[in-house]
Amino acid sequence: MRTARLRTVHPALWAGWAALAGGAVLCVIGWYGISGERYVERQLPYLASCTVPGAALIIAGAVLLAHGRNAAAASRVEELYGLLVAAEAAGVDDSGQAATVPLASSGELLMVPGGTLWHRADCPLVAGKPEAVPVDSRVLASGELGPCPICEPSAADPGD
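Numbers given for residues are sequential positions, taken from 1 along each chain in its written order. Under the rules for a predicted model, residues below a pLDDT of 70 receive no local features and side-chain atom pairs below 80 are neither given nor counted, while totals for whole chains, interfaces and linings still include all residues. By convention in this description, side-chain values take in all heavy atoms of the structure and omit both hydrogens and water.

1. Structural notes on the environment of valine 126
Thinking step 1. Strands here are runs of E lasting at least two residues and helices are runs of H or I lasting at least four, both read from the DSSP assignment and numbered beginning at the N terminus. When you line up the elements, valine 126 lands in the loop between strand S2 (117-120) and strand S3 (133-134).
Thinking step 2. Relative accessibility under 20% of the residue-type maximum defines a buried residue, over 50% an exposed one, and the middle range a partly exposed one, all with a 1.4 Å probe and only protein chains included. Taking the relative accessible area as the measure of exposure, valine 126 reaches 2% and is therefore buried.
Thinking step 3. Should any heavy atoms of two residues lie within 4.5 Å, those residues are considered in contact. Apart from the residues within four sequence positions on either side, valine 126 is in contact with Leu110, Val112, His119, Arg120, Ala121 and Ala132.

And the structure:
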């Protein structure tokens, strides 16, 4: 899987690194040319032909690298979504109905202090977390927390 991902590296990343390297080379050439000239009027051609375009290439390379990383992250999200859809399709039985196997079935309700959701005790989002505490019925009644979309607990489930 890792080698397949390396073959499909986004071209913006390669272009970004190439632009950064080219810009650095131009800036070094411009600096070297300017350092050998005493008078400003003889330094201007080096600024115009090397240093300014070099700085522009460095900025363009940085933008391309930022865009390439975002595109790579977006492609990973799409890949994960495809795996999720494939997993859901695998759960379909002969009648075409989805075989609903609950992710969590515990009756005990937990929450993580500072969180925004309440969960079943065997929900993968809170299972094994020592900071998870039982949900207080007053918190459920106040509406401060919402039900977890993964384990789908209901307020009618027995708490504590």
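2. Structural notes on the pattern of salt bridges
Thinking step 1. Counted as salt bridges are all cases of a side-chain nitrogen of Lys or Arg within 4 Å of a carboxyl oxygen of Asp or Glu. Considering all chains together, one arrives at 1 salt bridge under this definition.
Thinking step 2. Of the charged contacts in the structure, one is a salt bridge between aspartate 136 and arginine 138, with a shortest N-O distance of 2.8 Å.

3. Section: the sheet that holds strand S1 (residues 109-111)
Thinking step 1. Strand pairing follows a simple DSSP-based rule, namely that at least 2 bridges must link the two strands. One open sheet holds the 4 strands; their spatial order is S3-S1-S2-S4, and the pairing between them is mixed. Looking at the sheet topology across the chains shown, the edges are occupied by S3 and strand S4 (146-147).

4. Things to note about the confidence of the model for the chain
Thinking step 1. Scored from 0 to 100, pLDDT records how confident the predictor is in each individual residue. Residues at a pLDDT of 70 or more form 77% of the chain, whose mean pLDDT is 76.
Thinking step 2. Confidence, expressed as mean pLDDT per element, reaches its minimum in the chain at helix H1 (residues 2-7) with 48 and its maximum at helix H2 (residues 11-35) with 89.

5. With respect to H2
Think of an α-helix as turning once every 3.6 residues; residues three or four places apart then point the same way.
Thinking step 1. Taking 1.5 Å per residue, 25 residues should reach 36 Å; H2 reaches 36 Å between its end C-alpha atoms and fits that length.
Thinking step 2. Along H2, the positions that sit buried rather than exposed are Ala12, Leu13, Gly16, Ala19, Gly23, Gly30, Gly33 and Ile34. In this scheme, a helix's expected span is set at 1.5 Å multiplied by one less than its residue total.

6. A look at the pairing of S2
Thinking step 1. Strand direction decides the pairing type here: S1 and S2, joined by 3 bridges, are antiparallel. Counterpart to methionine 111 in the pairing with S2 is tryptophan 118.
Thinking step 2. Summarising the sheet, S2 and S4 pair through 2 bridges and their orientation is parallel. Within the sheet, the bridge partner assigned to tryptophan 118 lies in S4 and is proline 147.

7. Digging into the environment of alanine 15
Thinking step 1. As for its placement among the helices and strands, alanine 15 is situated in helix H2.
Thinking step 2. Distance in space between the C-alpha atoms of alanine 15 and leucine 64 is 6.9 Å, their sequence separation being 49 residues.

8. Considering the side chain of histidine 119
Thinking step 1. Turning to its location among the elements, histidine 119 is positioned in strand S2.
Thinking step 2. Not counting residues within four places of it along the chain, the set of residues in contact with histidine 119 comprises Glu108, Leu109, Leu110, Leu125, Val126, Cys148, Cys151 and Pro153.

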